Amino acid sequence: MDGFEQLLGQIIQTAMRTDVIKPREIERVNVDTTVQEKAVTFPTDARLYNQARTTLVRAARKRGIKLRQSYARVGKYAFFKQSRYRVAKQLKRARKYTRKLRTYLGRVIRDIERKLPQSDAEMAVLLSRAKQIEQQKKSDSNKVYSMHAPEVECIAKGKVHQRYEFGCKVVLVTTSASNWIVGAEAVHGNPYDGATLSDVIEQTSRLTDVAPKQAAVDKGFRGTKHHPDGLQVLVAGTRKFKGVLKRLVKRRSAIEPVIGHLKHDHALGRNFLKGKQGDRINALLTACGFNLRKLYRCCLDAAGTFTMA
């Protein structure tokens, strides 16, 4: 994992050696968080029950276990009917088929436990996840939202068009003046935004050998308890700033289009890598790709063969 951080650090150091990034630019940064979604389907109860059942049936056949019934045909039919009733707003009928899917899952779990009392490690993990999916309630915490990606978290960012996103948080640090990414970290546990500030600022100092002195952030980073020592944190919208500080706070929103480019052009919008390590690798590689394209454009511009619009 350190190798991917070193790759990002080497790209930044290359930009600094070619005078594309001045060390003083890293002293003033913007920090923000976004959600890196995982490659999972939207986890409704019916879909989770059906997914868990099919995963267990596939694993049982792989081990030569002859199940009493796989529910492949009736399970597919029940899932289809549930989705159609849900779309038609016939909720009572939809709940009936959701209960059927949950029943099918419970029967498969008990059938496997009877016929495989001493399960191997992989099967034990699948059974544990399937049991949690069968038993979890709406108000439970630490729920499972996918059989193949149990690390997925439900994150609400207050977006009107997308109330819930399923993945993990990514913290980004960009230079205030020129929008170079000098820090990127994927964090799990859905922490308060301000609690991620110290770690990502420390990462920026480690990669660039320059300690940021001022950071412009949004209201999600309020709370001086989490602000690192030696860093002036400027929280936009909390009070009126004057002079240079006012200009720095106005530049905070420059990080938003950077996040948009990372999601649409550099694969931050949907992560296909496995596990928590895969989340962190994808976040670092997207930052590397963004900086490399930026460095390439700057080098072409310096050579006189390309002029940025």
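Notes on the structure in this doc start here. Computed from a predicted model, the values in this text were never measured in an experiment.

Turning our eyes to something else, we now look at the overall build of the protein. Across its full length, the protein holds 10 helices and six strands. Expressed along its principal axes, the backbone C-alpha trace of the protein runs to roughly 70 × 40 × 40 Å. Per-residue burial for the protein yields a buried fraction of 46% across its 309 residues. Taking the contacts inside the protein whose residues are at least 6 apart along the sequence as the reference set, 67% of them involve residues at least 24 apart. When the accessible area of the protein is evaluated, it comes to approximately 17000 Å², of which 52% is carbon and sulfur surface.

Attention now moves to the pattern of salt bridges. Considering all chains together, one arrives at 17 salt bridges under this definition. Across the salt bridge formed by R63 and E122, the nearest N and O atoms sit 3.3 Å from each other. Of this pair, R63 sits in the loop between α3 (45–62) and α4 (72–87) while E122 sits in helix α6 (residues 121–135), and the two are 59 residues apart along the sequence. Assessed through its relative accessible area of 25%, R63 is described here as partly exposed. The structure contains a network of salt bridges with shared partners spanning E5, E185, E202, R206 and R280.

This part covers a positive patch on the surface. Together, R68, K92, R93, R95, K96, R99, K100, R107 and R110 give the surface a local cluster of positive charge. Here K96 lies in helix α5 (residues 91–115). Look at K96 and you get partly exposed, because its relative accessible area is 43%.

What follows covers the state of the cysteines. By definition, a disulfide is the covalent link that joins the sulfur atoms of two cysteine residues. Counted by the stated rule, this structure contains zero disulfides. Not engaged in a disulfide, the cysteine C168 finds its nearest cysteine sulfur in C154; these two sulfurs lie 13 Å apart. Residue classification places C168 among the buried positions, given a relative accessible area of 0%. Note on C298: no disulfide assigned, nearest cysteine sulfur contributed by C299 at a separation of 7.0 Å.

Turning to helix α9 (residues 255–265), a few remarks are in order. For α9, every residue scored as buried is listed here: I255, V258, I259 and L262. Looking straight down α9, one finds that the buried residues subtend no more than 100° of arc, so they occupy a single side. Downstream of α9 by one or two residues, A267 has phi in the positive range, about 70°.

To characterise two packed helices, one gives the angle between the axes of the helices and the distance between these axes. Running from N to C, helix α1 (residues 2–17) and helix α7 (residues 197–208) point in directions that differ by 60°, and their axes come no closer than 8 Å. On the basis of their axis angle, the class for α1 and α7 is oblique. The way α1 lies across α7 gives a crossing that is right-handed. The residues of α7 that touch α1, namely those facing E5, L8, G9, I12, Q13 and M16, are Q203, R206, L207 and T208. Classifying every residue of the contact of α1 with α7 by side-chain character gives four nonpolar, four polar and two charged.

Turning next to the pairing of strand β3 (residues 165–175). Here β3 lies mainly inside the structure; 11 of its 11 residues are buried. The pairing of strand β1 (residues 28–37) with β3 spans nine bridges and is antiparallel. Bridge pairing links V35 to K169 in β3. Sheet topology places strand β2 (residues 153–155) next to β3; three bridges connect them, and they run antiparallel. By the bridge assignment for β3, I155 is matched with E165. Across six bridges, the pairing between β3 and strand β4 (residues 181–187) is antiparallel. When the sheet's bridge partners are listed, V170 is paired in β4 with A186.

The next point concerns the side chain of H266. Along the chain, H266 falls in the loop between α9 and α10 (275–303). In this structure, H266 is in contact with H261, T286, G289, F290 and R293, ignoring residues within four places of it in sequence.

So, about the environment of I281. Assignment of secondary structure puts I281 in helix α10. Given a relative accessible area of 18%, I281 falls into the buried group. Residues I281 and L295 lie 14 residues apart in sequence; the distance between their C-alpha atoms is 21 Å.

The next subject is the packing of α4 against α5. Contact pair α4 / α5: the axes reach a minimum separation of 8 Å and the direction vectors enclose 155°. With respect to their mutual orientation, α4 and α5 come out roughly antiparallel. Crossing of α4 over α5 shows left-handed handedness. On α5, the residues that touch V74, G75, Y77, A78, F79, K81, Q82, Y85 and R86 of α4 are L91, R93, A94, Y97, T98, L101 and Y104. For the contact of α4 with α5, the residue count by class is 10 nonpolar, three polar and three charged.

Parameters and conventions
Residues numbered from 1 in each chain as written. Predicted model: local features only at pLDDT ≥ 70, side-chain atom pairs only at ≥ 80, totals over all residues. Heavy atoms only, no water. Helix = DSSP H or I, 4+ residues; strand = E, 2+ residues; numbered from the N terminus. Buried < 20%, exposed > 50% of the residue type's maximum accessible area, 1.4 Å probe, protein only. Contact = heavy atoms within 4.5 Å. Areas by Shrake-Rupley, 256 points an atom, 1.4 Å probe, with all protein chains shown as cover. Salt bridge = Lys/Arg side-chain N within 4 Å of Asp/Glu carboxyl O. Patch = residues over 30% accessible without salt bridge, like charges linked within 9 Å, V, L, I, M, F, W, Y side chains within 5 Å. Lys, Arg positive; Asp, Glu negative; His and termini not counted. Charge placed at Lys NZ, Arg CZ, Asp CG, Glu CD. Disulfide = S-S within 2.5 Å. Arc of directions from axis to C-beta. Axes fitted to C-alpha atoms, helices over the stretch in contact; angles between N-to-C directions. Parallel < 35°, antiparallel > 145°, perpendicular 65-115°, else oblique. Left-handed = near helix turned anticlockwise from the far one by under 90°. Nonpolar A, V, L, I, M, F, W, Y, C, P; charged D, E, K, R; others polar. Pairing = 2+ DSSP bridges.

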